[in-house]
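Architecture and fold: a report
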Amino acid sequence: MLRIVYANLGYSRDINGSIGHHVRRAHHHVFTTQRVQLRSLGLVRQRLAELKPDLSCFAEIDKGSLTNGFFDQVGALAEAHHTTVRIDNKYSADRRFRRLSVSRGKSNAFLASRPLTYVARYLSAGKKRLVYDIQISGIRILMAHLSLRYHVRCLQMGELARWVAESDAPTVVIGDFNLFRGAGELRPLLADGRLVHANAHSGPTFRLGPYRAALDICLLSRDLRDRCKVAILDQPYSDHQMIQLDISGVVERETPPLETPVLVAAEAHAA
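Residues numbered from 1 in each chain as written. Predicted model: local features only at pLDDT ≥ 70, side-chain atom pairs only at ≥ 80, totals over all residues. Heavy atoms only, no water.

Quick look at the confidence of the model for the protein
The cut-off we apply is this: On a scale of 0 to 100, pLDDT captures the predictor's confidence in every residue. Pairs of residues are marked as contacts when any of their non-hydrogen atoms sit within 4.5 Å.
For the protein, the average pLDDT comes to 90, and 89% of its residues sit at 70 or higher. Between residues 255-271, whose pLDDT stays under 50, and residues either more than four places distant or in other chains, the model counts 43 contacts.

A short note on a nonpolar patch on the surface
The criterion, for reference: Two distance rules govern patches: like charges are joined within 9 Å, and nonpolar side chains (Val, Leu, Ile, Met, Phe, Trp, Tyr) within 5 Å, applied only to residues with over 30% relative accessible area and no salt bridge. A 1.4 Å probe and the Shrake-Rupley method give the accessible areas. Residues count as covered only by the protein chains that appear here. Criterion for a salt bridge: a side-chain nitrogen of Lys or Arg within 4 Å of a carboxyl oxygen of Asp or Glu. Only protein chains enter the area calculation, which uses a 1.4 Å probe; residues under 20% of their type maximum are buried, those over 50% are exposed, and those in between are partly exposed.
On the surface, a nonpolar cluster with roughly 370 Å² of combined accessible area is contributed by Leu148, Phe180, Leu208 and Tyr211. In this structure Leu148 comes out as exposed when scored by relative accessible area, which is 53%.

Considering the nonpolar core
We apply this condition: In this text, buried Ala, Val, Leu, Ile, Met, Phe, Trp, Tyr and Cys residues form a nonpolar core when linked through side-chain atoms within 4.5 Å. Strands are runs of DSSP state E lasting at least two residues, helices are runs of H or I lasting at least four, and both sets are numbered from the N terminus onward.
Ranked by size, the top nonpolar core spans 29 residues in total, and within it Leu55, Ile141, Val172 and Ile247 carry the most contacts. With four residues, strand β6 (residues 130-136) is the single largest residue contributor to this core. Beyond its immediate stretch of four places on either side in the chain, Ile141 contacts Ile4, Leu55, Tyr132, Asp133, Ile134, Ile136, Val172 and Ile174. Formed by 21 residues, the second largest nonpolar core is a distinct cluster that contains Leu9, Val44, Ile61 and Tyr237.

Here's the deal with the layout of surface pockets
Put simply, the test is: The distinction between a cavity and a pocket rests on a 1 Å grid over the protein atoms alone: a 1.4 Å probe fits inside a cavity but cannot get out, while a pocket stays open yet meets protein on both sides within 12 Å along at least five of seven lines, and a residue with an atom within 4 Å of a point counts as lining. Grid points are joined across faces, edges and corners, and a volume is the space filled by probe spheres set on the points. Put simply, Ala, Val, Leu, Ile, Met, Phe, Trp, Tyr, Cys and Pro go in the nonpolar bin, Asp, Glu, Lys and Arg in the charged bin, and everything else, Gly too, in the polar bin.
Space inside the largest pocket adds up to approximately 570 Å³. Lining of the largest pocket is provided by 29 residues; of these, Glu60, Lys90, Lys128, His145 and Leu148 occupy positions nearest its centre. Of the residues contributing to the lining of the largest pocket, the split by class is ten nonpolar, ten polar and nine charged.

Below is the structure:
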């Protein structure tokens, strides 16, 4: 079995989406102390220890920014059994962000406990552009965090659909797609019938006070549909819930630990 988890960590600000948290902890958006971050990251690490995923994908993780005291959050999650640890700026493949830019350090990341190959790719439209293109145990995973702006999301969905079509491998598309207008926005990815929406009936994954929405999605190629089980898991430290995906019929291979497990990307590819 191959186990994948995905979560938007909200930069580990310890805000669960309730009105009370947004009011009492509004200052966390301006600056989050390391103590608060470690409390949230500790819960993530505990969850990973319980689930033992082969691949853990994270949106909104910070590799050191002005608003978090330049604390590298991925270092608090990586362990000796991870054979690959990757973190990349989610906005651009270039290095235009100065040290005091509020965008510097705002990243996506993944941790893997099996051998894999991967590319960090960037969509051609929008601010949030990073897509991880991962091959692990014969499965292709595309992990994305798409724009808050509807017309930009439409462009990104179309481009992502073209990337999906590049390979006939069994495929998972997962991430925070910000589907504020509903699952109909996924039409470009579902149009050819190859992908199915695995958590279409699993309920909301995002909370803002009384508002609930299914912003985080998991799409599967049809050849995986009967081999997969999807679960939505609560996160008390984020306004997004975690997605757990189990794929049966995948052979596990032993891998040695990485001597230096944290790899900060420098060679990401633009679209």
